[in-house]
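Notes for the structure review
The lines below spell out each chain.
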Amino acid sequence: MTPNLSFALLLVSLILYSGREATGRPSWGRAGLAALAAAWAALTAAIVVRWSQAGYAPLSNQYESLVFLAWSFLGLYLLFGRELPVRAPGLWATLATLVVLGLGSLLDKSVRPLVPALQSNWLLLHVSVCMIAYAAFFLSFLAAAWALAGRDWPSRALELSAEEFSYQTVSLGFLLLTLGIVFGSVWANEAWGTYWSWDPKETWSLITWLVYAVALHLRQAQGWRGRRFAAASAAGFACVVFTYFGVNYLLTGLHAYA
Amino acid sequence: METAEETRKAREAATGAPDEQGAWASRAFATTSSVRTFLLLAAALLAACAVGTFIPQGQPPAALEERFGPWLGRVLGTAGAGDLFRSWWFNGLLAALGFNLAACSLRRIRAARRRPGVFLVHAALLLILAGALVRGLSSERGLLQLKEGAWADSFEIGPRRHGFLPFRVRLDRFVVDHWEGAAHYLQVRVPILGIDSVVRAKVGERLRLGDDAELEALRFLPNFVLGPRGPDTRDQDPANPALELAYRRGGGERRLWTFARFPDMHQDMGGEARILYQFVPSRVRQFRSQVTLLRDEVEVKRGSLHVNQPLSHAGWTLYQFGFDRSDPTRSTLLVVRDPGVPLVYAGFAVLVAGLALNLRWGRFRP
C-alpha cells in the first residue's frame, strides 16, 4: 500500500471542503472531515506496511520523513486543529497535506537497506519527534499566516483564541523540537563520538530552536501578541523549512542521508 | 535574596551619601540580566551560526581566498570564518550568553517558586554550556588504525600529533558484512543474432545468447592494473572494476576485458558484438571490530564494537569509525575521552523536564 490512496482521499476532501465554502452547507464540511480522517487512516496503513516490508521504521530518507510529516500534521490537525478559528481550516489543512505528499511523490520511493550509521533505535525516536515538532510548527504557521494576511477576526474572542492557539502549538512544537535535538545529540554521541559537531543540519536545528525561544521570550517578557507574535512564529517556520529542505539540498554534512 | 539595587539603596540609607560604585554595579547587573541583552546576543549568535553553515568549515585561509576572492577571503580568514565555531569570538558569544542566562535567573530568583519550569530550563542550559566548556578544556579524541592482530596505545590527533591511551588496544578480528555482494551487469548487443539485452553476470556462470552463442564471466579484478605477469588487481578497492569475459560462437572463443569506468576500452570484436559493463558495488551492512584491551600485559576487557555500539573503558570510549576498502583487515577506530558528557546529559534531562513543567500539560487546551 502506498500513500496514493491517502492522496486520493485528500483530493476528495479538497472537493468537499471547497463545496462547503461554495454552498455554505455544514454537511459538506462534515463529509470533508470524514474524508480527511480516512486519508489519515490510509496514511497510517501505508506507514505500517512500509515498516513491515523494510524491517525498520520508515524514517530513513526524505521521502519517508515527508510521508511521516504528512501523517503527523494530519493527526495533529484532527486532534487540535479543528479548533483553529480561521476561515476554512479544513481546506487549508487538506491543501497543506497535499503539498507535502506531492513533494514526497517526486522523490525516490525505493526501500533500501539501512547504512550502518542509521541502524539504531534512535532513528525512530529522533526523527519521529522532530517531524511531529515540525507538524506542530506547521499548524501554528497556519494561524500565523491568517493573522499576517490581515484578515479581520469576526470577534475579539476569536482573535484571542487564535493567538492562544498559535502560542500553544508553538510551545508544543518547541518542547518536541528540544526533545528531538536531545535525542539526536545522544545518538550522535553513540555513533560519532560527539554530541555536537556544528554539522549544518544540527546548526540550523539550533537556529530554529533559538528563533522560537526568542519568539516565546518576546511574548512572555515583552508582551508581543497578535500580529507581532505571528511574525515571530512565521520566522521560526521559515527556519523549519530551511532546516528540513534547504540544508539537504544546499549544504552538505553528516546528515547526508536525510 | 537581596538584589544589587536593594543593596545599593540600603547602603545609601545607612551612609546618607549616593553610592556611585553601587549604582554602576547595579546598572551593569541590570544590563547583563536583561531580556534585551538576551535578544541581542541571540541575534548575534543566530547570524554567526547561519554564516558558519554557508562558509565551508575547516578550510585554510588560502581556500577562502580562492573561493571568495582575495579581499573578501582575507577578511573572512582574519575573522576566523573558516573555523568559525572554534573561533575565540564565537565562543566568547556563547560565554556571554551563559553569563546573561545566569544573571537573568539570579535576578528573577524570587519567581522560581511560581515558575519552576523556567528556572529549570535556564539551569539546564547552563549545565549544557558547562559540559561544553569541560569538553573544550579537557577532552581528547583521535583516530586509531589497526590491522588484525596488531595493537596500539597511541592515536592520531592531527598531523604529526599523537595522544596516548592508558591501555593497549589489540584488534583480534575485523569483519565487514554486506547486504549482498557486488553485482555485474552486462549490456550485450549482437546484431547478427538480434540480441540487445541487459543480463546479470556471475563469475564462472555461462549465459546463453540465443541458440548459437554464449558468454562467460571468467574473472573479476576490482582495481585492474597491468602487472609484470599480466592483468592483476592493485588492491580490493573497486576503483577500476574489470571483468574478463569469454565470448563463444560457432565453435570459436574470444576473450576480452571490459572496464566499468572505461566502456570504450575493450578488444575489438570486429563489429560482431558490443558489450558494456556496469559494476554495482556491494552495500555495507555493518563493520565490526573485536578488540582486547590490555593494561600492563593483563587483559582488562574484551569486546566487540560496531557503528552505534561503542566500547568504553577507564573513561575512554572506542567507536567504530571506518575501514580501508583497499584492505578489509584494517579497521579505523575513533577514541574519545570527554568528561563533560555527564554534565551535558544532566542538562538535557533537566531541560526537557523544565519545558514539560512550563507547558503545564494539564491545562493545555489549544
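What counts, and at which threshold
- Residues numbered from 1 in each chain as written.
- Chains lettered and ligands numbered in written order.
- Predicted model: local features only at pLDDT ≥ 70, side-chain atom pairs only at ≥ 80, totals over all residues.
- Heavy atoms only, no water.
- Helix = DSSP H or I, 4+ residues; strand = E, 2+ residues; numbered from the N terminus.
- Rg over C-alpha atoms; globule rule 2.2 N^0.38 Å.
- Buried < 20%, exposed > 50% of the residue type's maximum accessible area, 1.4 Å probe, protein only.
- Areas by Shrake-Rupley, 256 points an atom, 1.4 Å probe, with all protein chains shown as cover.
- Lys, Arg positive; Asp, Glu negative; His and termini not counted.
- Charge placed at Lys NZ, Arg CZ, Asp CG, Glu CD.
- Phe/Tyr/Trp six-rings, centres within 6.5 Å; stacked < 30°, edge-to-face > 60°.
- pLDDT = per-residue confidence, 0-100.
- Contact = heavy atoms within 4.5 Å.
- Expected span 1.5 Å × (residues − 1).
- Pairing = 2+ DSSP bridges.
- Axes fitted to C-alpha atoms, helices over the stretch in contact; angles between N-to-C directions.
- Polar contact = N/O pair within 3.5 Å; in protein donor to acceptor, adjacent residues only side chain to side chain.
- Salt bridge = Lys/Arg side-chain N within 4 Å of Asp/Glu carboxyl O.
- Parallel < 35°, antiparallel > 145°, perpendicular 65-115°, else oblique.
- Nonpolar A, V, L, I, M, F, W, Y, C, P; charged D, E, K, R; others polar.

The subject of this paragraph is the overall build of chain A. What chain A contains, in helices and strands, is eight helices and zero strands. Reading the secondary structure of chain A in the N-to-C direction produces α-α-α-α-α-α-α-α. For 258 residues, the compact-globule estimate of 2.2 N^0.38 gives 18 Å, and chain A sits close to it at 19 Å. Projected onto its principal axes, the C-alpha positions of chain A cover 55 × 50 × 25 Å. Out of the 258 residues belonging to chain A, those deemed buried represent 58%. A total accessible area of about 10400 Å² is found for chain A, and carbon and sulfur atoms account for 66% of it. Charge centroids of chain A, computed over 15 positive and 11 negative side chains, lie 10 Å from each other.

Glancing now at the packing of aromatic side chains. By the definition in use, this model includes 26 aromatic pairs over all chains. For the pair Trp122(A) and Phe183(A), a centre-to-centre distance of 5.7 Å together with 50° between the ring planes defines the contact as tilted. Note that Trp122(A) is positioned in helix H5 (residues 122–148) and Phe183(A) in helix H6 (residues 156–192), a separation of 61 residues in sequence. The exposure class of Trp122(A) is partly exposed, given its relative accessible area of 24%. Looking at Phe183(A), the relative accessible area reads 17%, which means it is buried. A ring pair is formed by Phe85(B) and Phe90(B), whose centres lie 5.3 Å apart and whose planes are at 90°; its orientation type is edge-to-face.

Before going further, it helps to spend a moment on the confidence of the model for chain B. Residues and elements named next belong to chain B. For chain B, per-residue confidence averages 88 on the pLDDT scale, and residues scoring 70 or more make up 91% of the total. Here residues 361–366 scores under 50 on pLDDT; set against residues more than four positions off or in separate chains, the count is 12 contacts. Of the two predicted TM-score estimates for the complex, the pTM is 0.86 and the ipTM is 0.90.

This part is about helix H2 (residues 26–54) of chain A. The periodicity of an α-helix, 3.6 residues per turn, causes residues three or four places apart in sequence to face the same way. Residue and element names in this part refer to chain A. The end-to-end C-alpha separation of H2 is 42 Å, in line with the 42 Å expected for 29 residues at 1.5 Å each. Within H2, burial applies to Gly 29, Gly 32, Ala 35, Leu 36, Ala 39, Ala 42, Leu 43, Ala 46, Ile 47, Arg 50 and Ala 54. On its buried face, H2 is in contact with helix H1 (4–23), helix H3 (62–79) and helix H4 (89–105). Residue Gly 55 follows H2 closely and has a positive phi angle near 85°.

A separate point is the sheet that holds strand S7 (residues 213–221) of chain B. Residue and element names in this part refer to chain B. Spatially, the four strands line up as an open sheet ordered S6-S7-S10-S11, and their pairing is antiparallel. Two strands close off the open sheet at either side, each with one partner strand: strand S6 (206–209) and strand S11 (252–259). Recorded for the sheet is a direction-independent mean angle of 25° between the axes of neighbouring strands. Alignment of strand S10 (residues 242–249) against S11, held across eight bridges, turns out to be antiparallel. Residue pairing in the sheet places Glu 244 in a bridge with Trp 257 of S11.

All names here are of chain B. Reading across from one edge, S5-S4-S12 is the order of the three strands in this open sheet, with antiparallel pairing throughout. With partners counted over all chains shown, the strands left at the sheet margins are strand S5 (195–201) and strand S12 (274–280), one partner each. When the angles between neighbouring strand axes are averaged without regard to direction, this sheet yields 15°. Bridging between strand S4 (residues 183–190) and S5 involves seven bridges; their strand directions are antiparallel. The residue of S5 that forms the bridge with Leu 186 is Val 199.

Residue and element names in this part refer to chain A. With respect to the helices and strands, Gly 81 occurs in the loop between H3 and H4. The class for Gly 81 is buried, based on a relative accessible area of 0%. Apart from the residues within four sequence positions on either side, Gly 81 is in contact with Leu 76, Pro 89, Leu 139 and Phe 165.

Residue and element names in this part refer to chain A. Taking 1.5 Å as the rise per residue, helix H7 (residues 200–222) with 23 residues should run 33 Å; its terminal C-alpha atoms sit 31 Å apart, in good agreement. Within H7, 18 of the 23 residues are buried, leaving the element largely enclosed by the surrounding structure. Backbone geometry just downstream of H7 places Gly 223 in the positive-phi region, at approximately 70°.

This next bit is on the interface of chain B and chain A. When the parts come together, some accessible area is lost, and that loss is often what is quoted as the size of the interface. Contacts between chain B and chain A engage 47 residues on the former and 48 residues on the latter. Where chain B meets chain A, there are 14 residue pairs in polar contact (both at pLDDT 80 or more). Counting only elements with at least two residues in the side of chain B that touches chain A, the list comes to helix H3 (35–54), helix H6 (88–107), helix H7 (116–138), strand S13 (284–295), strand S17 (327–337) and helix H8 (341–359) of chain B. Here the element with the most residues in the side of chain B that touches chain A is H3(B); it accounts for 10 residues.

Within chain A, residue pLDDT values average 90, and 94% of them lie at 70 or more. By mean pLDDT, H6(A) is the weakest element of chain A at 89, and H3(A) is the strongest at 95.

Here we come to the pattern of salt bridges. All names here are of chain B. In this structure the tally under the stated criterion is 22 salt bridges over all chains. In this structure, Asp 327 engages Lys 147 in a salt bridge whose closest nitrogen and oxygen atoms are separated by 2.8 Å. On the criterion of sequence distance, the pair formed by Asp 327 in strand S17 and Lys 147 in strand S1 (residues 140–147) is long-range, its members being 180 residues apart. Of the residues examined, Lys 147 reaches a relative accessible area of 34% and is grouped as partly exposed. The residue Glu 244 makes a salt bridge to Arg 219 at a minimum N-O spacing of 3.2 Å. You can see Glu 244 sitting in strand S10 and its partner Arg 219 sitting in strand S7, a full 25 residues away along the chain. Taking relative accessible area as the criterion, Arg 219 reaches 34% and is therefore assigned partly exposed. One network of salt bridges, in which partners are shared, links Arg 206, Arg 208, Glu 214, Glu 216, Arg 248, Glu 253 and Arg 255.

The geometry of a pair of packed helices is captured by two quantities: the angle between their axes and the separation between those axes. Residue and element names in this part refer to chain A. Remark: H3 packs on H4, axes separated minimally by 8 Å, with the N-to-C direction vectors making an angle of 170°. Taken together, the axes of H3 and H4 lie roughly antiparallel to each other. Across the interface between the two elements, Tyr 63, Leu 66, Val 67, Leu 69, Ala 70, Phe 73, Leu 74 and Tyr 77 from H3 touch Pro 89, Gly 90, Ala 93, Ala 96, Thr 97, Val 100, Leu 101, Leu 103 and Gly 104 from H4. Its residues assigned to classes, the contact of H3 with H4 comprises 14 nonpolar, three polar and no charged.

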